[in-house]
Amino acid sequence: MTAASTDKALALALSMPKAELHVHIEGTLEPALAFALARRNGVQLPYADEAALAAAYDFDSLQSFLDLYYACADVLRTREDFCDLMLAYLARAAADHIVHAEIFFDPQTHTARGIPMGVVIHGLLDGIARGEAAFGISARLILCFLRHLPEDDCLATLAEAEPYLAHIAGFGLDSSEQGNPPARFQRLFERCRALGKPVVAHAGEEGPAAYIIEALDLLGSRRIDHGVRAVEDAALVARLVRERVPLTVCPLSNIRLCVFDQMGQHTLAGLLQAGACVTLNSDDPAYFGGYLNDNIRAVQAAFGFDAATWHTIARNSFEASFVDAATRAAWIARLDAHFAAAQP
Ligand code: ADE
Ligand code: ZN
């Protein structure tokens, strides 16, 4: 590929319609909004100002990030706070040409601080209603359980969420992966599936490839969040390709949390090459140096993909989404037209 064709492929990728399937709403809390909410709610953040907070974003592991991420979430107190957080993300996502987002939220982070489940969910839904109206973006919520907590705690959270089921597109599993295998949450996920909802799980981010297999076989996970350590098991990669299990890969996150030293070492290119259904996502964009298009820029700088590869990545994002078949087909048609219009 020439430099000109790489640049053209990047321009197409930045402007293509796409879905984001792996973003934590609490991870979109920018330092400026964190301090604005802290002032509004009379909460003292353990940092002097926005610059001091941003300077603390120097992580050496998933856990070092999670400690700060949970501490910052303390500024989120009211329905209006959750609405403002959602609206800010949707504005940013729409600017990156995201047309659909499936957004994780961590209710236990909030209910453990005495914030009612209804305040969290209604606030996020208010933000979605306003964002859909303002930016024409579509968004759904995925309730994530915190895997560092006991399964019984998660089951109680699920019971609390049941009145809001109509507003929940699926269930997920996140937080500290090492030592908290999917196998610990089998009863919980059985219950989620019995409620008729798709389930997903973070697996193979810091944890071993065996956790991906557990997420598939024991939890019934329909997508694997991250999954970048799948490459350590060739039979697993073959299975992911054969069964077309989507991987929601988050490149800048993996660099910032030291899963890989450099983007050039990232396994996403090899997984794509093998035929896996790789999607690109931002995870916690306020903490990891960028939103979805920043991830695309960083990946393009390392791998120089052609336009066809970016087309495939965006098609994967729609194919892996939990929308109905007609909506999916309409988005894929829009995407195909985007690339067709760029043919010489
Ligand atoms: N919660 C927010 N971001 C996460 C990540 N990258 N892995 C696990 N849990 C998370
Ligand atoms: Zn994540």
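Above this text you will find the structure in question.
Here we summarise the structure given alongside this text.

Describing the packing of aromatic side chains
Thinking step 1. Tallying each qualifying case throughout the model produces 14 aromatic pairs.
Thinking step 2. Between Phe-65 and Tyr-287, the aromatic rings sit 5.3 Å apart at their centres with planes inclined by 70°, giving edge-to-face as the arrangement. Remark: Tyr-287 occurs in the loop between strand 8 (278-280) and helix 14 (292-303) and Phe-65 occurs in helix 4 (residues 62-72); sequence separation between them is 222 residues. A single burial state applies to Phe-65 and to Tyr-287, both of which are buried.
Thinking step 3. For the ring pair Phe-318 and Trp-331, a centre distance of 5.7 Å and an interplane angle of 25° mean the geometry is stacked. Taken together, the residues span a long stretch of sequence, with Phe-318 in helix 15 (residues 307-319) and Trp-331 in helix 16 (residues 325-340) at a distance of 13 residues.
Thinking step 4. According to the relative accessible area criterion, Phe-318 is buried, its value standing at 0%.

Points about the site of ligand 1
Thinking step 1. The local shell around ligand 1 consists of His-24, Leu-62, Phe-65, Leu-66, Tyr-69, Asp-174, Ser-175, His-202, Glu-205, His-226, Asp-283 and Asp-284.
Thinking step 2. Glu-205 is positioned such that a nitrogen or oxygen atom in its side chain is 2.8 Å from a nitrogen atom of ligand 1.
Thinking step 3. The side chain of His-226 places a nitrogen or oxygen atom 3.5 Å from a nitrogen atom of ligand 1.
Thinking step 4. In terms of residue count, helix 4 provides more of the shell around ligand 1 than any other element does, 4 residues in total.

What about the coordination of the zinc ion (ligand 2)?
Thinking step 1. At this site the zinc ion (ligand 2) is bound by His-22 (NE2), His-24 (NE2), His-202 (NE2) and Asp-283 (OD), with donor distances of 2.0 to 2.2 Å.
Thinking step 2. Around the zinc ion (ligand 2), the 4 donor atoms sit at angles spanning 84 to 174°, and that spread fits a shape best called irregular.
Thinking step 3. Counting the intervening residues between successive donors of the zinc ion (ligand 2) yields the motif H-x1-H-x177-H-x80-D. Here His-22, found in strand 1 (residues 18-24), pairs with Asp-283, found in the loop between strand 8 and helix 14; they are 261 residues apart in sequence, far enough to count as distant.
Thinking step 4. Note on His-22: relative accessible area 0%, which makes it buried.
Thinking step 5. Judged by its relative accessible area of 2%, Asp-283 falls in the buried class.

With respect to the sheet that holds strand 2 (residues 98-105)
Thinking step 1. Taken in spatial order, the 4 strands of this open sheet run 1-2-3-4, and their pairing is parallel. If you trace the sheet from one side to the other, it starts and ends with strand 1 and strand 4 (168-174), each paired once. Neighbouring strand axes in the sheet, compared pairwise and without regard to direction, differ in orientation by 25° on average.
Thinking step 2. Here strand 3 (residues 138-146) runs beside strand 4; their pairing, made up of 6 bridges, is parallel. If you follow Leu-146 over to strand 4, its bridge partner there is Asp-174.
Thinking step 3. Along the sheet, helix 9 (residues 186-194) contacts strand 3 and strand 4; its crossing angle with strand 4, the most-contacted strand, is approximately 170°.
Thinking step 4. With respect to the sheet, helix 15 is in contact with strand 1 and strand 2, its orientation differing from that of strand 1 by roughly 65°.

Brief notes about empty space enclosed by the protein
If a probe the size of a water molecule is rolled over the atoms, the empty space left behind becomes visible.
Thinking step 1. Enumeration over the complete set of coordinates arrives at 2 cavities of 30 Å³ or more.
Thinking step 2. Estimates place the volume of the largest cavity at around 100 Å³.
Thinking step 3. In this structure, the largest cavity is lined by 15 residues; those nearest its centre are His-24, Leu-62, Leu-66, Ser-175 and His-202.
Thinking step 4. The biggest single contributor to the lining of the largest cavity is helix 4, with 5 residues.
Thinking step 5. Along the lines of polarity and charge, the residues of the lining of the largest cavity split into 6 nonpolar, 4 polar and 5 charged.
Thinking step 6. Estimates place the volume of the second largest cavity at around 50 Å³.
Thinking step 7. Lining the second largest cavity are Met-16, Lys-18, Ala-19, Leu-280, Leu-292, Ile-296, Ile-313, Ala-314 and Ser-317.

Rules used in this analysis
Residues numbered from 1 in each chain as written. Chains lettered and ligands numbered in written order. Predicted model: local features only at pLDDT ≥ 70, side-chain atom pairs only at ≥ 80, totals over all residues. Heavy atoms only, no water. Phe/Tyr/Trp six-rings, centres within 6.5 Å; stacked < 30°, edge-to-face > 60°. Helix = DSSP H or I, 4+ residues; strand = E, 2+ residues; numbered from the N terminus. Buried < 20%, exposed > 50% of the residue type's maximum accessible area, 1.4 Å probe, protein only. Near = heavy atom within 4 Å. Polar contact = N/O pair within 3.5 Å; in protein donor to acceptor, adjacent residues only side chain to side chain. Donors = N, O, S within 2.8 Å, 3.2 Å for Na, K, Ca; no water. Tetrahedral: all angles 85-135°; square planar, octahedral: opposite > 155°, others 65-115°. Pairing = 2+ DSSP bridges. Axes fitted to C-alpha atoms, helices over the stretch in contact; angles between N-to-C directions. Contact = heavy atoms within 4.5 Å. 1 Å grid on protein atoms, 1.4 Å probe; cavity = no way out; pocket = protein on both sides within 12 Å on 5 of 7 lines; lining within 4 Å. Points joined across faces, edges and corners; volume = space filled by probe spheres on them. Nonpolar A, V, L, I, M, F, W, Y, C, P; charged D, E, K, R; others polar.

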